[in-house]
Amino acid sequence: MPEDLNWAIGGEAGDGINSTGKIFAQALSRAGRHVFTSKDFASRIRGGYTAYKVRSSVDRVESVVDRLDILIALTQRTVDENMDELHDGSVIIYDGERTMMEDFEAPGEMTGLDVPLKRLAEDAGGAIMRNIVALGAACEVTGFDIEYLDESLEKRFGNKGQAIVDNNREAARLGAEYVREEIDTTTDYDIDTTDNDYVLLNGDEAIGMGALAAGCRFYAGYPITPATDVMEYLKGRIENYGGIVVQAEDELSAINMALGAARAGARSMTATSGPGIDLMTETFGLVATSETPLVICNVMRSGPSTGMPTKQEQGDLNAMLYGGHGEVPRFVVAPTTVAECFHKTVEAFNLAEKYQLPVYLTADLALAVTEQTFEPEEFDMEAVEVDRGKVVDEDSVEEWTNDQGQFKPHAVTDDGVSPRAFPGTTDGAHMSTGLEHDELGRRTEDTDMRVQQVDKRDRKVETAIEREDWSYREFGDPDADTLVVSWGSNEGAMQEAMDFLDEDGIDVRFISVPYIFPRPDLTEEIEAADDVIVVECNATGQFADLIEHDALTRVERINKYDGVRFKADELAEEVEAALGEPDEADAEVEA
Amino acid sequence: MSSEIRFTDFKSDKQPTWCPGCGDFGTMNGMMKALANTGNDPDNTFVVAGIGCSGKIGTYMHSYALHGVHGRALPVGTGVKIANPELEVMVAGGDGDGYSIGAGHFVHAVRRNVDMTYVVMDNRIYGLTKGQFSPTSREDFETSTSPDGTNQQPVNPLALALAAGGTFIAQSFSSDSQRHTEIVQEAIEHDGFGFVNVYSPCVTFNDVDTYDYFRDAIVDVGDEEFDHDRGDYDAAKDLIMDRDKEYQGVIYQDESSVGYEKREGVEAPMTDIPDGAPEDAMDLVREFY
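Calculation criteria
- Residues numbered from 1 in each chain as written.
- Chains lettered and ligands numbered in written order.
- Predicted model: local features only at pLDDT ≥ 70, side-chain atom pairs only at ≥ 80, totals over all residues.
- Heavy atoms only, no water.
- Helix = DSSP H or I, 4+ residues; strand = E, 2+ residues; numbered from the N terminus.
- Rg over C-alpha atoms; globule rule 2.2 N^0.38 Å.
- Buried < 20%, exposed > 50% of the residue type's maximum accessible area, 1.4 Å probe, protein only.
- Contact = heavy atoms within 4.5 Å.
- Areas by Shrake-Rupley, 256 points an atom, 1.4 Å probe, with all protein chains shown as cover.
- Lys, Arg positive; Asp, Glu negative; His and termini not counted.
- Charge placed at Lys NZ, Arg CZ, Asp CG, Glu CD.
- Pairing = 2+ DSSP bridges.
- Axes fitted to C-alpha atoms, helices over the stretch in contact; angles between N-to-C directions.
- Phe/Tyr/Trp six-rings, centres within 6.5 Å; stacked < 30°, edge-to-face > 60°.
- Patch = residues over 30% accessible without salt bridge, like charges linked within 9 Å, V, L, I, M, F, W, Y side chains within 5 Å.
- Salt bridge = Lys/Arg side-chain N within 4 Å of Asp/Glu carboxyl O.
- Expected span 1.5 Å × (residues − 1).
- 1 Å grid on protein atoms, 1.4 Å probe; cavity = no way out; pocket = protein on both sides within 12 Å on 5 of 7 lines; lining within 4 Å.
- Points joined across faces, edges and corners; volume = space filled by probe spheres on them.
- Nonpolar A, V, L, I, M, F, W, Y, C, P; charged D, E, K, R; others polar.
- Polar contact = N/O pair within 3.5 Å; in protein donor to acceptor, adjacent residues only side chain to side chain.

Visitor: Describe the overall build of chain B, and please don't skip the residues or the numbers.
Guide: Along the backbone of chain B there are eleven helices and eight strands. Relative to the compact-globule value of 19 Å for 289 residues, chain B shows a C-alpha radius of gyration of 20 Å, a close match. Expressed along its principal axes, the backbone C-alpha trace of chain B runs to roughly 70 × 45 × 40 Å. Of all 289 residues assigned to chain B, the portion counted as buried reaches 60%. Within chain B, contacts between residues at least 6 apart in sequence are counted, and of these 71% link residues at least 24 apart. If you sum the accessible surface of chain B, you get close to 11,500 Å²; carbon and sulfur atoms cover 45% of it. For chain B, the distance from the average site of its 21 positive side-chain charges to the average site of its 48 negative ones is 4 Å.

So, in structure tokens, the structure goes:
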């Protein structure tokens, strides 16, 4: 697959791995190549192993694979960590003048390119640019026009002054030149470019962008991996629209601030990750009972407790569905691609306000930190619609007041949705409470009113199921005997896994579900298939449980909970194994 | 509308279930008078409360209100005020709500300095759960959960506020209606976080910190002969650290204070948003080229 290039840079945290990777990914994207990135990182600021991987192709790429063509190794450990993915023909760029790499020898048929990264960087103006020297070397190896790097370097270093940009450009050129002139090697990587200009962004950024497009004006949050990018994206941008980011003292405060802002009439959001959700659960019940529209974004990481903060998992589904004491309606929306993160965020705000309840918007770590290329038009701003639901003004408030002129924020209605009066609305003054309340919002223990209010809140869900489109995304052959169902970031890996399966003659119908609650009823689809497999990144199969519950049948499960996202080729093997057919590797061993 | 507003307009038709004689009646009346005197009306006022006897206040007042969870009223008030700076935001709490479970939020609300008023009904006991010691209970105070006397020092809420960079720190006594109203009024008028700790006696469970006790003990720093300069940080510190007396009045005020939301450039209510994405929204996408 010459057009499919898998590149990585690895070293210690603090080595500038991320920014180097991003610079290369952006250059590829501007050169009209599709890009899909992934990150291996540890929960520490300096030291430890970290890597940034870029898969790139002229065709769209949806996942990572077990393959590395070019590796920039700043440490020996980088090579060791990636040995499984390296292959005969891989090129390893390293600096033999570095103490830790001086004895390095490329294994097997691999090519080791010893480039004096540090020395050349110093020639260009400073040792700090050694990664950029390596990038230049990688460009030369792959036949990628080094000029594409120039714009990325401008973007990355422009605010530090033209001299810095120029020095970096020089560093890249020295790296390329060294390979061209000093190293006698030929490789067959010759990567194509196109005329397209793609945008390159990750799930967290797409969520932030969706929030701005949807009119979010208030964000309160507490920093936590891997959700912090949402806050960092909004900070500095939301202000342009008259909004604000408040860094709260903790998650309890963050959700309460967001609740206050929502009650004041702002589109409001908070974002956190698993442990933060636990802290927010207390107020979650208040949000739901007071019928306050709020978007709570949970960027999932490995749990429980503090688990593995920088590793992939989809383990919080039950917490979002069932978390909190008592029973309250909530929606759980789970985008499946980076672009979907944008669209579903917009939708989450509308759902929250139309039905006046908390909406969990959840992305898993792999989705949140993965950068992927898209046509800019996929983020169609013209298509964004803002629906604020049943808001009353001073003219219509009267329809919702009782004989004493008191406003009824929890009026019992047929569709379960009550009117909202933003504070400041004349004659709309009312209270809300986490206590069970009457139509006026006042505490009650009246048995009849209790039942009416519980039913009213639940009725919103029934209304929403009826009125909204809780559809799914579908791939492959609709008549295939095998049905694979998944949610979250697994969509990309499964999409590509289908190519591998196809090569082995296995036909698959694949359904990717972006709504956890409410969710599409898959009973018919499940009944039509011989084998049903649910794929997810957790140990117990929380989504599979729901599917079994809905369709009253047993399904096969593929669960991965080692902290690493599914890779396309690996997933294909898992599906084959689940279907009980020996895969090629096994067949060879037996022969 | 404000010229016609009387403090009774802030009363709801619910009869308080506080014990007869409870200090909270006076505390609440003063809050309502202060709101009316400062030209507010129920439709531009938002009252936030947490849990406990103090938490009931939203029910007895008529305004926009939220009765939230224990100890977290301040973050709610913060969100309300920032999202709509045109609203008058008043947060009510008790000593348990504010200085125990909510102590963290208190310190951070003080240092954030959002322009709102925080009134704490301090009766030095847990009333609604029927008589356990609170964070402001005196040392050796005997209660149902401290039969041998509390073995903990009381917190000094005013000192906490001063240490956290408070810009308006005051104390009042609920039965001194006129002074209490004046002090809350000044807190409302202060641009920033106006903090008023109110001695609001519990007649049922606290037989130490009684009306009689406070009447005798209170020294009003607003008295002419007392000659207190509220802008003098060191003088304020001395008063606050003097635990032998109970001071009433505005102990400290930083006249140059500007509310957080103003400093952050929030100007308009965040209620008005377009029907679709902002006009320049494609620029947000192009950033990712």
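Picking up after the structure, the text goes on.
Visitor: Which residues make up the overall build of chain A, and what values do they have?
Guide: Scanning chain A from terminus to terminus reveals 19 helices and 23 strands. In summary, chain A has a C-alpha radius of gyration of 26 Å against a globular reference of 25 Å for 591 residues, a match within 12%. The C-alpha extent of chain A, read off along each of the three principal axes, is 90 × 60 × 40 Å. Every one of the 591 residues in chain A was classed for burial, and the buried ones make up 62%. For chain A, the share of sequence-separated contacts (at least 6 apart) that also reach a separation of at least 24 residues comes to 72%. Of the accessible surface of chain A, which amounts to about 22,200 Å², a share of 42% is contributed by carbon and sulfur atoms. Measuring between centres, the 51 positive side-chain charges of chain A sit 8 Å from its 121 negative side-chain charges.

Visitor: Just give me the short version of the sheet that holds strand 23 (residues 556-559) of chain A, but keep the residues and values in it.
Guide: Residue and element names in this part refer to chain A. Spatial ordering of the open sheet is given by 18-20-19-22-23, a layout of five strands whose pairing is mixed. What marks the edges here is a single partner per strand, and that holds for strand 18 (473-476) and strand 23. Direction aside, the axes of adjacent strands within the sheet are offset by 20 degrees on average. Pairing of strand 18 with strand 20 (residues 508-512) involves four bridges; the strand directions are antiparallel. Paired with R473 across the strands is S512, a residue of strand 20. The sheet contacts of helix 17 (residues 542-551) involve strand 19 (482-486), strand 22 (531-536) and strand 23, and relative to strand 22 the element is tilted by about 145 degrees. Together, strand 22 and strand 23 form the strand contacts of helix 18 (residues 568-578), whose direction differs from that of strand 23 by roughly 150 degrees.

Visitor: With reference to specific residues and values, describe the packing of aromatic side chains.
Guide: Tallied over the full model, the rule gives 26 aromatic pairs over all chains. With a centroid separation of 5.0 Å and an interplanar angle of 80 degrees, the aromatic rings of A:W470 and A:Y515 are classed as edge-to-face. Highlighted residues: A:W470 in the loop between helix 14 (447-467) and strand 18 and A:Y515 in strand 21 (residues 515-517), separated in sequence by 45 residues. Both residues of the pair, A:W470 and A:Y515, belong to the buried class. Note on B:Y118 and B:F193: the rings are 5.9 Å apart at their centroids and 40 degrees apart in plane angle, and the pair reads as tilted.

Visitor: How would you explain a negative patch on the surface if you had to name every residue and give the values?
Guide: Taken together, A:D481, A:D499, A:D502, A:E503, A:D504, A:D507, A:D530, A:D531 and A:E556 make up a surface patch of like negative charges. It is helix 15 (residues 490-503) of chain A that provides the largest number of residues to the negative patch, a total of three residues.

Visitor: Give me the lowdown on the sheet that holds strand 8 (residues 218-221) of chain A, citing residues and values where you can.
Guide: All names here are of chain A. Read from one edge to the other, the open sheet built from seven strands follows the order 9-8-10-11-13-12-21, with strand pairing classed as mixed. Single-partner strands in this sheet number two, and they are strand 9 (244-247) and strand 21. Strand-to-strand, the axes of this sheet are offset by a mean angle of 20 degrees, without reference to chain direction. Inspection of the sheet shows strand 8 paired to strand 10 (residues 268-272) by two bridges, in the parallel sense. Bridge pairing in strand 10 places F218 opposite S268. Along the sheet, helix 10 (residues 274-289) makes contact with strand 10, strand 11 (294-300) and strand 13 (358-364), crossing strand 11 at roughly 160 degrees.

Visitor: So, unusual backbone geometry: which residues are in play, and what are the values?
Guide: Here the bond from A:T225 into A:P226 is cis, since omega is 0 degrees, no more than 30 degrees from zero. With phi around 55 degrees, A:E291 is a residue other than glycine that occupies positive phi space. Structurally, the position occupied by A:E291 is in the loop between helix 10 and strand 11. The exposure class of A:E291 is buried, given its relative accessible area of 3%. Even without glycine at this site, B:D140 takes up a positive phi of about 75 degrees. Considering the arrangement of structural elements, one finds B:D140 in the loop between strand 4 (117-122) and helix 6 (157-163). By relative accessible area, B:D140 is classed as exposed at 54%.

Visitor: Account for helix 1 (residues 23-37) of chain B, naming residues and giving values.
Guide: Counted at 1.5 Å a residue, the expected span for helix 1 of chain B with its 15 residues is 21 Å, and the 21 Å between its end C-alpha atoms agrees. For helix 1 of chain B, the set of buried residues is B:G23, B:D24, B:T27, B:M28, B:G30, B:M31, B:M32, B:A34, B:L35 and B:A36.

Visitor: Describe empty space enclosed by the protein, listing the residues and the values that go with them.
Guide: All names here are of chain A. Counted under the stated rule, the structure contains four cavities of 30 Å³ or more. R263, E291, R420, A421 and H430 are, among the 18 residues lining the largest cavity, the residues nearest its centre. Every element with two or more residues in the lining of the largest cavity is listed here: helix 9 (251-263) and strand 16 (420-421). There is about 70 Å³ of room inside the second largest cavity. Forming the boundary of the second largest cavity are F36, E62, T336, T337, V338, A366, L367, T370, Q372, S489, G492 and R565. Its residues assigned to classes, the lining of the second largest cavity comprises four nonpolar, six polar and two charged.

Visitor: Lay out the layout of surface pockets with the relevant residues and their values.
Guide: The gaps left among the atoms become clear once a water-sized probe is rolled over them. Residues and elements named next belong to chain A. Looking at the largest pocket, its volume works out to about 1,000 Å³. In this structure, the largest pocket is lined by 38 residues; those nearest its centre are N18, K39, D229, E232 and E371. Of all the secondary structure elements, the ones that give two or more residues to the lining of the largest pocket are strand 1 (5-13), helix 1 (17-30), strand 3 (47-57), helix 5 (147-157), strand 7 (199-202), helix 7 (203-213) and helix 8 (228-234). Sorting elements by how many residues they give to the lining of the largest pocket places helix 1 first, with six residues.

Visitor: I'd like a description of the pairing of strand 6 (residues 194-199) of chain B, backed by residues and values.
Guide: Residue and element names in this part refer to chain B. Most of strand 6 is tucked away, with six of its six residues classed as buried. Burial along strand 6 is two-sided: G194, V196 and V198 facing one way and F195, N197 and Y199 facing the other are all buried. When strand 5 (residues 168-173) meets strand 6, the two strands line up parallel, connected through six bridges. Considered in strand 6, the bridge of Q171 is made with N197.

Visitor: Please give an account of the environment of B:G77 that cites residues and values.
Guide: Residue and element names in this part refer to chain B. If you trace the backbone, G77 turns up in helix 3 (residues 73-83). Distance in space between the C-alpha atoms of G77 and A92 is 9.7 Å, their sequence separation being 15 residues. Ignoring sequence-local partners within four residues, the contact set of G77 consists of V48, V89, V91 and M116.

Visitor: Explain the side chain of B:S172 to me, and be specific about the residues and the numbers.
Guide: All names here are of chain B. Looking at the secondary structure, you find S172 in strand 5. At 2.9 Å, the side chain of S172 and the side chain of H180 are in polar contact. In contact with S172, other than residues within four places in its own chain, are H180, I183, V196, N197, V198, Y199 and Q248.

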